[in-house]
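# Report on the structure
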Amino acid sequence: MELIDGNQIAAAIAAELKAEVAAIQGRKPCIALVRVGEDPASVSYVKKKEKTAAEIGITSRIILPPVTISQPELFALLDALNADPDVDGILVQSPLPKHIDEVATFRRVSALKDVDGFNTLNLGKVAQEDDTGFVACTPAGIMELLRRTGVDLKGKHVVVVGRSLIVGKPIALLALQKKAGANGTVTICHSGTADLPALTRQADVLIAAIGRAEFVTAAMVKRGAVVIDVGINRVADPSKKNGYRLTGDVHFPSVAPLAGKITPVPGGVGPMTVAMLMKNTVKAFRLRAGQ
Ligand code: GUN
């Protein structure tokens, strides 16, 4: 079993970006990070994004509307960021409060600043294999992890568990693309799938993006499979100082010995998401600057 070190690969990408940003004369790329309310996971993710941006030399603007913000107020805030010439990328941290329409919010972000890749145009470009848009950061990070660890999807059966807009659907489209490194044969499973283990056991590459702690067990995995664990779940653990531990969607202790390669949680896909966000921000800067 080979452990895929997302921290190490993300650090390599950050170093590449840092050199690229250092060479930019004048105004540096800028990302606006919008976090509505105080969801504890979101607080920690946005902090991590802010810290990584600073390390690379990307400016960040943190905007923290209260959980009571209305949909029209949030739209007005996004409209102002869309129009702000000093802002290159805009990220609205998910999840949003129940009274906010998340998809409508993602659509409100200008396609040219949509570094999260969640608006209609950018998702459509993934389907059309048009590289001029922005690919959602977690799926882009998974493809980069596979590429940099020498996993070519051509001829492989890629089984995705989960059909979210943020991960499941876009990673399936990317794995399916007719280009180098992709060309996978893709199956998407979800909560309505009959006999899910029968499908996951066929996977050469298994991508778990369900959002349920340790859902994928050894009985669901073929020996030698590449296992990509996208989940980050908080499980109560009184022995920990903060009262919880982080675990993935894969039951790591039983699956790791079987797997050919596997990503740990934390330290697998998570850091890659942040690295790709930074990469998209530099891309947005260049697109807007005509560079
Ligand atoms: N919540 C979980 N993953 C993501 C992500 O990639 N972007 C945003 N904005 N929210 C998320």
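First, a word on what this report is: a plain description of the structure on this page.

Definitions and limits used
Residues numbered from 1 in each chain as written. Predicted model: local features only at pLDDT ≥ 70, side-chain atom pairs only at ≥ 80, totals over all residues. Heavy atoms only, no water. Pairing = 2+ DSSP bridges. Helix = DSSP H or I, 4+ residues; strand = E, 2+ residues; numbered from the N terminus. Axes fitted to C-alpha atoms, helices over the stretch in contact; angles between N-to-C directions. Contact = heavy atoms within 4.5 Å. Parallel < 35°, antiparallel > 145°, perpendicular 65-115°, else oblique. Nonpolar A, V, L, I, M, F, W, Y, C, P; charged D, E, K, R; others polar. Near = heavy atom within 4 Å. Polar contact = N/O pair within 3.5 Å; in protein donor to acceptor, adjacent residues only side chain to side chain. Areas by Shrake-Rupley, 256 points an atom, 1.4 Å probe, with all protein chains shown as cover. Right-handed = clockwise from strand over helix to strand, strands pointing away. Salt bridge = Lys/Arg side-chain N within 4 Å of Asp/Glu carboxyl O.

### Focus: the sheet that holds strand S3 (residues 59-63)
Taken in spatial order, the 3 strands of this open sheet run S3-S2-S4, and their pairing is parallel. Looking at the sheet topology across the chains shown, the edges are occupied by S3 and strand S4 (89-92). Across this sheet, the average inter-strand angle for adjacent strands is 20°, counted without regard to direction. Alignment of strand S2 (residues 30-34) against S4, held across 4 bridges, turns out to be parallel. In the sheet register, Val 34 faces S4, and the bridge partner there is Val 92. Packed on one face of the sheet, helix H2 (residues 40-56) meets S2, S3 and S4 and runs near 155° to S3.

### Details of the packing of helix H6 (residues 137-148) against helix H10 (residues 269-289)
Contact pair H6 / H10: the axes reach a minimum separation of 8 Å and the direction vectors enclose 110°. Considering the angle they form, H6 stands roughly perpendicular to H10. Contact with H6, carried on its side by Cys 137, Thr 138, Ala 140, Gly 141, Ile 142, Glu 144 and Leu 145, involves Val 269, Met 272, Thr 273, Met 276, Leu 277, Lys 279 and Asn 280 of H10 and no other residues of that element. For the contact of H6 with H10, the class distribution of residues is 8 nonpolar, 4 polar and 2 charged.

### So, the site of the ligand
In the vicinity of the ligand, the contacting residues are Leu 91, Val 92, Gln 93, Ser 94, Asp 116, Phe 118, Thr 138 and Thr 273. At 3.3 Å, a side-chain N or O of Gln 93 approaches a nitrogen atom of the ligand. Separating a nitrogen atom of the ligand from a side-chain N or O atom of Asp 116 is a distance of 2.5 Å. Here the ligand, which alone exposes 280 Å², has 85% of that area covered by the protein. Here the residues of the shell around the ligand sort into 3 nonpolar, 4 polar and 1 charged.

### Quick word on the pairing of strand S6 (residues 185-189)
Relative to S6, strand S5 (residues 157-161) runs parallel, the two sharing 5 bridges. Looking across to S6, one finds that Val 161 is bridged to Cys 189. With respect to chirality, the unit in which S5 leads through helix H7 (residues 168-176) into the neighbouring parallel S6 is right-handed.

### Regarding the pattern of salt bridges
Under the definition given, this model contains 15 salt bridges. A salt bridge links Asp 204 to Lys 222; the shortest N-O distance between them is 2.7 Å. Of this pair, Asp 204 sits in the loop between helix H8 (196-200) and strand S7 (205-208) while Lys 222 is found in the loop between S7 and strand S8 (226-229), placing the two residues 18 residues apart along the sequence. Via salt bridges that share partners, Glu 16, Glu 144, Arg 147 and Arg 148 belong to a single interconnected network.

### Let's talk about the side chain of Asp 229
By the secondary structure assignment, Asp 229 is in strand S8. A polar contact of 3.1 Å, which involves the side chain of Asp 229, links it to the backbone nitrogen of Gly 231. Of note is the side chain of Asp 229, whose polar atom sits 2.7 Å from the backbone nitrogen of Asp 249. When near neighbours in sequence (up to four residues on either side) are disregarded, Asp 229 contacts Ala 208, Gly 248, Asp 249, Val 250, Thr 263, Val 265 and Val 269.

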